[in-house]
Amino acid sequence: MTPELTALTLAALLQVVQFGLMAVPANIELGTGKTLSPRDPERLGGSLQDLVSPKTSRLFRAMNNHFEALILFTIAVTVITLSDQSTPTTQTGAWTYLGARILYIPAYAFGWVPWRSLIWAVGFFATIIMLIAALI
């Protein structure tokens, strides 16, 4: 397995961890009556994200943000892997992305301003560098 694929696999497992970090407090705060329901906002009095504590809501947003970032990172890793273009640059980009995504969780959960945005940018630009490296 290439280093990029290893980083992608770990990033997917990180997504599982993020789901747990969000789901456990959400279930404690809301109870299973709400979390097991169809989650219709009009029946619940708002979206589940709006009904939980600010920290749990941040964990929800951090998880969703990783889903979004993971799409682009997966494309980068796929292109690098299928074109057999793994290099120290792409490997560093993959590990930088993963490190940034790990740091992003506490940065978002604890409201680290402006660090959350800077950490996000590091992961985003690491992915962009991987894509550009595949083209040159």
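See above for the structure.
To keep things clear, this report deals only with the structure shown in the data block.

Attention shifts here to the overall build of the protein chain. If you tally the helices and strands in the protein chain, you get seven helices and zero strands. Each helix and strand of the protein chain, ordered N terminal to C terminal, gives the series α-α-α-α-α-α-α. Each of the three principal axes of the protein chain carries a C-alpha extent, and together these read 50 × 30 × 20 Å. Among the 136 residues that make up the protein chain, the fraction classed as buried is 38%. Partitioning the intrachain contacts of the protein chain with sequence separation of at least 6 by distance along the chain shows that 75% fall at a separation of at least 24. By element, 71% of the accessible surface of the protein chain is carried by carbon and sulfur atoms, the whole surface being about 7,500 Å². The average position of the 8 basic charges and that of the 7 acidic charges among the side chains of the protein chain differ by 10 Å.

Direction vectors running N to C along helix α5 (residues 54-82) and helix α6 (residues 88-109) enclose 170°, while the axes themselves pass 9 Å from each other. Relative to α6, the element α5 is oriented roughly antiparallel. Here K55, R58, L59, R61, A62, N65, H66, A69, L70, F73 and I80 of α5 come into contact with α6, specifically with T90, A94, Y97, R101, Y104, I105, Y108 and A109. Along the lines of polarity and charge, the residues of the contact of α5 with α6 split into 12 nonpolar, three polar and four charged.

Definitions and limits used
Residues numbered from 1 in each chain as written. Predicted model: local features only at pLDDT ≥ 70, side-chain atom pairs only at ≥ 80, totals over all residues. Heavy atoms only, no water. Helix = DSSP H or I, 4+ residues; strand = E, 2+ residues; numbered from the N terminus. Buried < 20%, exposed > 50% of the residue type's maximum accessible area, 1.4 Å probe, protein only. Contact = heavy atoms within 4.5 Å. Areas by Shrake-Rupley, 256 points an atom, 1.4 Å probe, with all protein chains shown as cover. Lys, Arg positive; Asp, Glu negative; His and termini not counted. Charge placed at Lys NZ, Arg CZ, Asp CG, Glu CD. Axes fitted to C-alpha atoms, helices over the stretch in contact; angles between N-to-C directions. Parallel < 35°, antiparallel > 145°, perpendicular 65-115°, else oblique. Nonpolar A, V, L, I, M, F, W, Y, C, P; charged D, E, K, R; others polar.

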